[in-house]
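Tertiary structure, described
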Amino acid sequence: MSGTLPVRLTVNGEPREALAEPRHTLADFLRHGLGLTGTHVGCEHGVCGACTVVVDGEPVRSCLMLAVQADGAEVLTVEGLATDGRLHPVQEAFRERHSFQCGFCTPGFVMTAYAFLRESPEPSRAEIRKALSSNLCRCTGYQSIVDGVELAAEKLRGDGRGSGG
Amino acid sequence: MKPAPFRYHRPETLDETLALLAEIGDDAAVLAGGQSLVPVLALRLASPAHVVDVNRVPGLDVIAANGSLALGALVRQQAACVAQAVRSSQPLLAEALPLVGHRETRGRGTVVGSLAHADPAAELPTVAVALDAEIALASCRGVRTVPAAEFFLAPFMTARAPDELVTEVRFPAWPAGAGHAFLEFARRSHDFALAAVAVLLQLDADGAVAGARLAFAGVGSTPVRADGAEDALHGQPAGEESFRAAAEAAVAVLDPPSDVLASAAYRRHVARVLLIRALRQAAERAREERA
Amino acid sequence: MANVVGSSVERVEDARLLTGRGRFTDDVRLPGTLHAAFLRSIVPHARIRRIDVERARTLPGVSAVFTAADFEGVVQPLDFSAGIPGHTLPTFGPLSGDKARYVGDPLAVVVATSRYVAEDALGLIDVEFEELPHVLTVEDALAVGAPVLFEELGDNLVYDALHEYGDVEAAFAAADRVVTATIAQHRFTSSALETRGAVASYDPESGELLYHSSNKSPHMLRVRLSEHLGLPQHRIRVVTKDVGGAFGGKGAIWREDLAVAAASLLLGRPVKWIEDRSENLTAFGGAREEDLDLEAAVDADGVILGLRVRMRMNHGAYPGMWLTPMFAALVRSTILSALRVRAMSFATTIAATNKNTYISYRGPGASETLARERLLDAVAAELGLDAVEIRRRNLLTRAEQPRVQPNGVTVHRAHARETLEAAVELAGYDELRREQERARAEARLVGIGVATSIQPCPGFPDWWRAVGYRTEPEPARVRLEPDGRLTVVTSEMPTGQGHETTLAQVAADCLGVPFGDVHVVFGDTQTTPFYYFGSGASRASNMGAGAVLRATGTLKRRILELAAHLLEVRADDLELADGAVRARGAPSRQVTLEELARRAYREPDAFPPGAAAGLDALEYYEPEEGSGGWAASTHVCVVEVDGETGVVGIRRYVVVEDCGPLINPAVVAGQIRGGIAQGLGGALLEHAAYDEDGQFLAGTFMTYLLPTALEVPEVEIHHLEIPTDDPVPFRGVGESGAIMAPAVLSAAIEDALRPFGVRVDRLPLTPTRILELIGAIPVESPG
């Protein structure tokens, strides 16, 4: 099989199908095969994290997965986080804390933070920094992103008190 | 940075996989986690005509603990990280696993995949060598086991024949009372190691070294077992003096690379520093185990 | 309704950027698009004997393969010469045909149905190189018998000049002593998360070129495309929507732009090129590779009276659009900072080498701060003075300003001393020194660094004259829409700095409308007024806002005139607030902007003739002589060096800055922190390195190390916001972090290593370098 193969998967809750060559990455498939350009490509060798999506509940670098490997999978991309026009608490928190600037690394960080907070709902600031060290940002110097994840954790826990700092 | 074209195979059984590898293994890459292979393909450092995706093969994702610990080819690094069996029975492996890549790569990357990829700066091959792990290989010709010390031949080259699949890695039972340490130095946390050291240390009732396993990552073309230093430590009181002597002995035989990230002299120096720190830590843990 | 300038209003752009609805260049999808990939040289210097593209051309899916010859007559060669005395430049085309001059030099471009296929085709192109010796350093490039990159020029000397200001001899004669310092900075690069890219779409029917690009100067691009492709400018439209970081380098036209545009011209179809990360790290360009040797004439109190500077810059093989003599001029024009230096001689030598192009990168003149601050520390060390004290003695006070520096640059409203004194207090400097004493007693290598600089944000006209670049007045257009809302059209081109939000804040306050009723438009040459420069040089908060203030000012006058007519009140007695015009003291006498606009546009008889004509105001802004000047900052940092591993831990990082009033504090903080992260990366981690064979060593993110959240510290920021009488009080801040961080980190590390008596005179300060400095390991060949 080196010609195209059908890839059938669920993306953001919807069944999607398109053809892919075996060598097409999941990142390229999402962006060009399915037209979901929210996931970004920053390096194509798995370091920058801009391409991060969630596959079957796991945060994954979509540039390191072949599209054909996602056949049958459930994929969540940044386009799928907001529901009914309302931002996800992670997105809300990032907006409130001015977490991002140019926006290119942003979808990867949003998905990384989303997955991280599901596993670690009460992270310390140091733990947040460690979790975020998997993604590269060139604009912010990261502090505002850490602030955003801290606030997102509070929102998700329903603290509602606002950030302490 | 796109991969060259290849024929894609997705066998559904182990037999199918092995038959495939017998036929096209000479020009094929095995795809499990893909965290190491896909960048290689993207950079066109390798352009195999075939890619054999083994993710659908059943039975390869088993973690079996009965004294020794066996991890099947599809056991993800993250699964191994959180597995109770790993944490409770293999402390050195458990300490190294969270340092491998990032959370986002560990969900797909496999333990066996890291071994099969054989990056000299990777953590898991060094743990395997330190612990005399055994690597199981299967082919149409049968199954065989290769000790870790004989598995890693050169950077990105192992004893796996083209028609073979690495099916599992088995770590021998952890010696009771042994202390451990895994320390790594990288330019940024979670990068490949400029130097890393895996230590297992056994102390006798008088606090002297009864057994030591020391292995380095990042300082040679494969993991480097510091057997000279292990011998030097044997019978010595576990303390600064013997640790320093062992570290000197260990790095004296190293021939680390020099590159844009660090000079050879730096790698040798930091390997020595890490080994001393690791020995201290392992000795303390061994004492705690006794207490 | 409260004013929004001064508050951290949530960004308008975040709504789309956080939900994956940004519009970056690779998101542009035009029907029939073909994809380009460049074949690039794998050798540093060679004659190209033969390029055989036949096998590539016939690969299924390939539309065309172009080499240099194919673009002759289609693309005017690049000639960036600008008549600068002593400046010699070659002429060259988008693709190299006769020689390859650096690893990454573009030799051919494949256009195919996908990038995948295009890369397959690259592998089928045969190139026969006749390798030539190469040069990688300025010294080697200028040595007798050195291989010449452009033989027609005779040698590799790009620029050689001596500038002298004031009586340097007298200053040195009056000196108590001469102190020297050297700093050699390495090559590193901007590495924005979004690489370069373009979609060129030439329509043969209409003769129009639509050009989408990741670029921050769309009008510049349009002019250049027109010049090089022979298309009239009004038939070219450049669209720059969301750009994922520019940091200087993306404000130029690149050879790849011309190749991609020409390909579209020749094929009559859209052609998309998205640079991959390897290309971006290898071939986009390198910045900052310069050495400076300084000699200071110093009086008995440690005041620097005179300066002799020699600077050598490593130009790389091909010129970029922004010229290296200008970068040298940036250094020369800013190095005197707010010091009391009386005279300076500045010698510049720039040489071509077989490396990638020297590019502009956030704070391109940053070497001036690095060199000057190293020199001040050297003076302090010789005189046994503290780092703060030496700066106190050398920095001009407010009372001493304005002062025209020997290089003709006016220093005025430059609050450097104030930031220094505030930093001493806010960082608890004296306590930091006491903590250092205690740490040193425990043999811990703790160091404190202090650096102060002033930055032209946007810079007085005389500073720009000294630099040799005449910026044009900046336009902005503000229109009152028929529904009473505002559209602001700016010629700023945001690439992360938040102009969509900050300029809306300025306009909203000026016209008293809710922030949410202001829409900022940018990035399309069809819509925006002509402005060659685009965004950059930390100008937007003064120039961009200044232009908006002008335009809103004009619009406001017009609105008040119309309202006066409607309300039968004198215009002077009217005010704008809450989206309405009302009489001061009689708020019931009011008309909403919505009603006023609707009537002005739709009921012309309600007003004198021409009423609506003024509701769309285009204005230009340029600071007058003596205004729009300097921002100042002091950075203080505390580091601890692990003497066994050479790892630098940053324990504390404090910034005190004055850029005037802040439009949006969160945006300002983000700019400062982002700049610091880049400066830190440059000083400690990033190295666009070549080996002695001229091979590039840092072509992936495994070898080109960007700082992560674990390498960048928490940064404490304090703003002074000292009021001035400047009509447009906002000043820029975008580059200061990138300029200051290498200087303050170098100082702190040198201070930490003081027990070893080492001088930091070379970057990067990698763990290897630090252990070499303290003698823990032998020195291997310099990187």
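All names here are of chain C. Counting through the fold element by element, arginine 16 comes out in helix H1 (residues 14-17). The partly exposed category is assigned to arginine 16, around which 14 C-beta atoms lie within 10 Å. The residues touching arginine 16, leaving out its near neighbours within four places in the chain, are Arg21 and Gly22.

What follows is about the interface of chain C and chain B. Residue-level contacts link 26 residues of chain C with 19 residues of chain B. Elements with a contribution of two residues or more to the side of chain C that touches chain B: helix H4 (115-122), helix H9 (277-282) and helix H21 (767-773) of chain C. Per element, the largest residue contribution to the side of chain C that touches chain B is 4 residues, and it comes from H4(C). Here the side of chain C that touches chain B is composed, by residue class, of 12 nonpolar, 6 polar and 8 charged.

This part is about the nonpolar core. Counting residues in hydrophobic clusters, the biggest one holds 423 residues, and the most contacted among them are B:Val197, B:Leu201, C:Val110, C:Val488, C:Ala507 and C:Val548. When residues no more than four places from it in sequence are discounted, the contact partners of B:Leu201 are B:Ala178, B:Gly179, B:Val209, B:Ala212, B:Leu279, B:Ala282, B:Ala283 and B:Ala286.

What follows covers the pairing of strand E6 (residues 134-139) of chain B. Residues and elements named next belong to chain B. Relative to strand E7 (residues 142-147), E6 is paired through 6 bridges, and the arrangement is antiparallel. Opposite leucine 137, over in E7, you have arginine 144 as the bridge partner. Where E6 folds back on E7, the antiparallel hairpin that results is connected by 2 residues. Here E6 pairs with strand E10 (residues 165-171) via 5 bridges, running antiparallel. Residue pairing in the sheet places alanine 138 in a bridge with leucine 165 of E10.

With that settled, the discussion passes to helix H17 (residues 540-567) of chain C. Extensive coverage of H17(C) is indicated by the burial of 21 of its 28 residues. One or two positions beyond H17(C), positive phi appears at C:Glu568, with a value near 55 degrees.

A few words on the domain arrangement of chain A. Residue and element names in this part refer to chain A. Parsing chain A into structural domains produces domain 1 (5-80) and domain 2 (89-156). If you average the C-alpha positions of domain 1 and of domain 2, the two centres end up 21 Å apart. Contacts between the two partners involve 13 residues from domain 1, matched on the other side by 12 residues from domain 2. The element contributing the most residues to the side of domain 1 that touches domain 2 is strand E3 (residues 52-55), with 3 residues. Considered class by class, the residues forming the side of domain 1 that touches domain 2 number 7 nonpolar, 6 polar and no charged.

The subject of this paragraph is the sheet that holds strand E3 (residues 50-53) of chain B. All names here are of chain B. Across the sheet, which stays open at both edges, the 3 strands sit in the order E1-E3-E2 with parallel pairing between neighbours. Taken across any chain shown, the strands that pair with only one partner, and hence form the sheet edges, are strand E1 (7-9) and strand E2 (28-31). Strand-to-strand twist of the sheet, defined as the mean angle between neighbouring strand axes without regard to direction, takes the value 20 degrees. Sheet contacts for helix H1 (residues 14-24): E1, E2 and E3; angle to E3, the most-contacted strand, approximately 165 degrees.

Residues and elements named next belong to chain B. At a closest axis distance of 9 Å, the pairing of helix H11 (residues 240-252) and helix H12 (residues 264-290) adopts a crossing angle of 145 degrees. Crossing geometry of H11 relative to H12 is assigned as right-handed. On H12, the residues touching Phe243, Arg244, Ala246, Ala247, Glu248, Ala250 and Val251 of H11 are Arg268, Ala271, Arg272, Leu275, Ile276, Leu279 and Arg280. Of the residues that constitute the contact of H11 with H12, the class distribution is 9 nonpolar, no polar and 5 charged.

On to the interface of chain A and chain C. The interface of chain A with chain C comprises 44 residues on the first partner and 45 residues on the second. Where the side of chain A that touches chain C is concerned, the elements lending two or more residues are helix H2 (89-96), helix H3 (106-119), helix H4 (125-132) and helix H5 (143-157) of chain A. Counting residues per element, the side of chain A that touches chain C draws most heavily on H2(A), at 4 residues. Considering only residue class, the side of chain A that touches chain C consists of 20 nonpolar, 16 polar and 8 charged.

The next point concerns H4(A). Along H4(A), the residues classified as buried are A:Ile128, A:Arg129, A:Lys130, A:Ala131 and A:Leu132. The elements touched by buried residues of H4(A) are H3 and H5 of chain A together with helix H6 (103-106) of chain B.

All names here are of chain C. Looking along the chain, the bond that leaves glutamine 401 and enters proline 402 is cis, with omega of 5 degrees. As for its placement among the helices and strands, proline 402 is situated in the loop between helix H12 (387-394) and strand E16 (403-404). Proline 458 follows cysteine 457 through a cis peptide bond whose omega is 15 degrees. Position of proline 458 among the secondary structure elements: in the loop between strand E18 (445-456) and helix H15 (461-467). Non-glycine residue serine 191 carries a positive phi angle of around 45 degrees. Within the secondary structure, serine 191 sits in the loop between strand E8 (177-184) and strand E9 (197-203). In this model, glutamate 568 sits at a positive phi of 55 degrees, which is unusual for a non-glycine residue. Residue placement: glutamate 568 occurs in the loop between H17 and strand E22 (574-577).

Here the focus is the domain arrangement of chain C. Residue and element names in this part refer to chain C. What the domain assignment lists for chain C is domain 1 (30-132 + 193-246 + 250-282), domain 2 (290-465 + 626-773) and domain 3 (472-621). The C-alpha centroid of domain 3 is placed 40 Å from the C-alpha centroid of domain 1. With 16 residues of domain 1 in contact, the opposing surface of domain 3 contributes 14 residues. Residue assignment for the side of domain 1 that touches domain 3 shows that the elements contributing at least two residues are helix H7 (218-229) and strand E11 (236-239). Ranked by the residues each element gives to the side of domain 1 that touches domain 3, the list is headed by H7, at 5 residues. Grouping the amino acids of the side of domain 1 that touches domain 3 by side-chain chemistry returns 7 nonpolar, 5 polar and 4 charged.

Rules and cut-offs
Residues numbered from 1 in each chain as written. Chains lettered and ligands numbered in written order. Predicted model: local features only at pLDDT ≥ 70, side-chain atom pairs only at ≥ 80, totals over all residues. Helix = DSSP H or I, 4+ residues; strand = E, 2+ residues; numbered from the N terminus. Buried ≥ 20, exposed ≤ 12 C-beta atoms within 10 Å, placed from the backbone. Contact = placed C-beta atoms within 7 Å. Nonpolar A, V, L, I, M, F, W, Y, C, P; charged D, E, K, R; others polar. Core = buried A, V, L, I, M, F, W, Y, C linked by C-beta atoms within 7 Å. Pairing = 2+ DSSP bridges. Domains from an automatic or database assignment. Axes fitted to C-alpha atoms, helices over the stretch in contact; angles between N-to-C directions. Left-handed = near helix turned anticlockwise from the far one by under 90°.

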